[in-house]
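Close look at the chain arrangement
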Amino acid sequence: MAKQKAGEIIVGLDIGTTKICAIVGEVTEEGIDIIGIGMHPSTGLRKGVVVNIESTVASIRRAIDEAEAMAGTEISTVYTGIAGGHIKGFGSRGVVALKDKEVREADIARVIEQAKTINIPVDREVIHVLPQEFIVDDQSGIKEPLGMSGVRLEAKVHIVTGAVASAQNIVKCANRTGLNVADIVLQPLASSESVLTEEERDLGICLVDIGGGTTDIAIFSGGAIAHTAVIALGGHNLTNDIAVGLRTPVHEAEKIKQKYGCALASMVDKQEMIEVPSVGGRQPRVMGRQILCEILEPRVEEIFQLVQSEVERNGFAEMLTSGVVITGGSTLLPGMNELAEEIMGVPVRRGTPAGIGGLVDVVRSPIYATGVGLVVYGARHTDRRLFRIREENVFKKVKSRMRDWLQEVF
């Protein structure tokens with residue numbers, strides 16, 4: 001796809017369960033420079049889905065104000081991510097005849113459109129149609145079919161759908177702060193733009209994005225996305241386990257996790273002690289740090305076991321030649337890589353944003369993977385859709401379904 005022009009400003013808005021992060025990027029001749037960052041705690045989402053619009057709007061406004069001040073520019077349009085248990089991905093195919101015996105851009109558009117003509121429930125919508133490969137006559141494995149000769153063009157695609165209401169609420173929150181939404185992007189797809197290399201995508205890689213509310217999975221093979229999935233467990237579950245296990249307030253449990261947490265209890269000195277605040281005004285208690293890690297380890301183990309089950313169930317276990325890349329704020333816990341390698345049996349590395357300029361040292365953390373990825377995605381895609389009046393689309397879909405139903409009955 002065509003790239004954006006040099007000097008253009010692109011903004012990624014990562015609306016997460018624990019934080020809302022705005023990343024401002026400027027397109028240059030060399031690539032993308034990050035020129036502004038704004039971050040604010042998020043309280044209006046649960047498991048990646050908006051549950052309180054007012055709180056989310058307030059957090060977005062603060063993150064945007066901070067990013068505008070740092071970048072010295074006004075923000076009007078953003079690329080935003082979407083996640084949550086409502087996200088579903090599946091494969092589809094489309095076939096068209098080539099009128100001029102040669103593949104033209106219109107033919108590629110037609111075959112992709114044909115692949116997405118599927119029946120989905122009225123309360124769901126297509127978020128992405130991601131081409132995996134094209135087949136011209138009997139020649140498979142084609143990535144760019146434009147200009148090739150043939151009589152028949154086939155496309156294999158991966159379709160990602162989500163709940164209409166969840167997408168609407170994200171757009172509504174952005175619109176309430178005076179922002180246009182250029183596109184809604186699946187969060188693991190955005191993260192992959194900033195943390196994966198082309199070689200990893202080609203050889204086969206599993207991206208595991210462990211956020212606050214969910215763990216998002218994206219599997220790549222042959223340079224294209226092969227599978228997506230969402231697991232309804234994330235960093236919040238780790239924090240809640242600490243709060244319950246150590247009988248401490250949730251906000252204190254979060255601080256303890258960040259300061260003393262470790263995913264592998266065997267990596268911690270048995271003699272090391274930590275102070276744990278109590279609830280109800282009681283005196284703080286002193287206990288071994290290993291007890292904390294013994295609470296965290298089973299939950300982290302469960303997350304990676306669920307990831308491994310998802311990989312094996314869909315037949316991708318032998319395709320992960322490049323191993324696994326873990327990213328997201330929760331992966332900052334020491335011992336994450338080691339435990340993931342132990343469970344999944346492949347090399348694991350922590351993914352941080354790369355291939356960018358500007359405030360590189362600031363954003364070189366898994367926390368910013370999705371935000372930076374949204375900027376990179378925006379720079380590579382010029383087909384902006386500006387989501388503003390999505391309610392009408394839903395109304396039309398309902399009206400069409402009602403008309404069809406009435407025709408069948410009467």
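Residues numbered from 1 in each chain as written. Predicted model: local features only at pLDDT ≥ 70, side-chain atom pairs only at ≥ 80, totals over all residues. Heavy atoms only, no water.

1. What about the confidence of the model for the protein chain?
Across the protein chain, the average pLDDT comes to 89, with 91% of residues at or above 70. When the criterion is pLDDT under 50, residues 388–395 qualifies, and its contacts beyond four places in sequence or with other chains add up to twelve contacts. (pLDDT = per-residue confidence, 0-100. Contact = heavy atoms within 4.5 Å.)

2. Some remarks on the pattern of salt bridges
Taken as a whole and judged by the stated rule, the model has 17 salt bridges. A salt bridge links E102 to R104; the shortest N-O distance between them is 3.8 Å. Take E102: its relative accessible area is 29%, and that puts it in the partly exposed class. With a closest N to O distance of 3.2 Å, R289 and E272 form a salt bridge. Note that R289 is positioned in helix 8 (residues 289–313) and E272 in the loop between helix 7 (250–260) and strand 15 (273–276), a separation of 17 residues in sequence. Given the relative accessible area of 29%, E272 is considered partly exposed. Salt bridges sharing common partners tie together R93, R152 and E154. (Salt bridge = Lys/Arg side-chain N within 4 Å of Asp/Glu carboxyl O. Buried < 20%, exposed > 50% of the residue type's maximum accessible area, 1.4 Å probe, protein only. Helix = DSSP H or I, 4+ residues; strand = E, 2+ residues; numbered from the N terminus.)

3. Some details on the sheet that holds strand 2 (residues 19–27)
The strand order across the open sheet built from six strands is 11-6-1-2-3-19, with neighbouring strands paired in mixed fashion. Pairing within the sheet leaves two strands with one partner each, and these edge strands are strand 11 (180–186) and strand 19 (357–358). Inspection of the sheet shows strand 1 (residues 9–15) paired to strand 2 by seven bridges, in the antiparallel sense. Bridging across to strand 2, G12 finds its partner in I23. Helix 1 (residues 53–71) rests against strand 1, strand 2, strand 3 (32–41) and strand 6 (77–82) of the sheet, and its axis sits at about 145° to strand 3. Packed on one face of the sheet, helix 4 (residues 187–195) meets strand 1, strand 6 and strand 11 and runs near 90° to strand 11. (Pairing = 2+ DSSP bridges. Axes fitted to C-alpha atoms, helices over the stretch in contact; angles between N-to-C directions.)

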